[in-house]
Amino acid sequence: MPSAKTLQAQDDAETRRPKRIADQVADQILEKISDGIFLPGDRLPGERQLAESMSVSRVSVRAALQKLKTRGYLRAVQGGGTEILSSTGIDMDTAMTDLVRDSITNLRDLQEIRCTLETWAARRAAINASDEDIKLLRMAYRQAHDPRRAAKYRADDDHRLHMMIGRATGSIIYYHVMKMLHDVLQAALNEIRFNGMVGPTFDRMVQEHHRDIIEAIAAHDPDAAEKAMSNHLQAVIDFFKTASDKQAT
């Protein structure tokens, strides 16, 4: 049996051993995710572009991407490409979705937690948002509430707008947390067919709320932004409670 001294020597040798090129590439991608250069939901550049930017071969890039997919950081996208799945490598979405899908109480709890976090985000965004952030928010608003846009895109457009507010906070931690919560919440609402409960009245209410939030952020008014977000999410929670209670009877 190897002695403790021998084992320590082996560990030291392993630490000094140069990393494979693919491992170095994987580390660089993870560093960009941690720094907020790549965010959950973003698509990575193609293999060739990554290889050129890192001065490595496409074979090394391909091996690095496969490693990160196996560890839960990335996933292949239908039609080609690779998407950032997680900043932690832990797939919490499925487990949490099961919890909220099977319990209206858990779903309401998640909505209330989201309300607390997003009111903080609206306030922080009003303080930190750049001109570019505000431009992107207004673009997301116009797309989300374009009357010519098909209703099937409603959830994705709403998600994108709220995540743009997350970007404007300047907090990578907040962005990663909210990406997971939004994905879980949307999956659960799809399960109970929440989109079938909404209609023109709900859409008009959301549009007015979104406008108030964005204009408060654009005016760099933290108090108004926080209040507008709180009003919006509390109204959505109240609407959901009423609609789900009706479904249950």
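Note: the structure precedes this text.
Attention here is on the structure that accompanies the text. (Residues numbered from 1 in each chain as written. Predicted model: local features only at pLDDT ≥ 70, side-chain atom pairs only at ≥ 80, totals over all residues. Heavy atoms only, no water.)

1. Here we look at helix 3 (residues 47–54)
Within helix 3 the residues assigned to the buried category are Leu 50, Ala 51 and Met 54. The buried residues of helix 3 all sit within an arc of 100 degrees when viewed along its axis, so they share a single face. In helix 3, the exposed residues that point more than 90 degrees away from the buried face are Arg 48, Gln 49, Glu 52 and Ser 53. Phi for Ser 55, located one or two positions after helix 3, is positive at around 55 degrees. (Buried < 20%, exposed > 50% of the residue type's maximum accessible area, 1.4 Å probe, protein only. Helix = DSSP H or I, 4+ residues; strand = E, 2+ residues; numbered from the N terminus. Arc of directions from axis to C-beta.)

2. Some details on the pattern of salt bridges
Taken as a whole and assessed by the stated rule, the structure comprises 14 salt bridges. Residue Arg 114 pairs with Glu 118 through a salt bridge whose shortest N-O separation is 2.5 Å. Highlighted residues: Arg 114 and Glu 118, both in helix 6 (residues 104–128), separated by four residues, approximately one helical turn. Given the relative accessible area of 11%, Arg 114 is considered buried. Note that Asp 212 is salt-bridged to Arg 211, the shortest N-O span being 3.9 Å. Three or more residues are tied together by salt bridges with common partners; here these are Arg 20, Asp 23 and Lys 67. (Salt bridge = Lys/Arg side-chain N within 4 Å of Asp/Glu carboxyl O.)

3. Details of the nonpolar core
Ranked by size, the top nonpolar core spans 23 residues in total, and within it Leu 137, Leu 161, Ile 165, Ile 213, Ile 217, Ala 225 and Met 229 carry the most contacts. For this core, the secondary-structure elements that each account for two or more residues are helix 6, helix 7 (131–144), helix 8 (154–169), helix 10 (200–218) and helix 11 (222–248). For Ile 217, the contacting residues outside a window of four places in its chain are Ala 122, Ala 125, Ala 126, Ala 129, Ile 134, Leu 137, Ile 165 and Ala 225. Ala 26, Leu 44, Ala 51 and Leu 74 belong to the second largest nonpolar core, which has 17 residues in total. (Core = buried A, V, L, I, M, F, W, Y, C linked by side-chain atoms within 4.5 Å. Contact = heavy atoms within 4.5 Å.)

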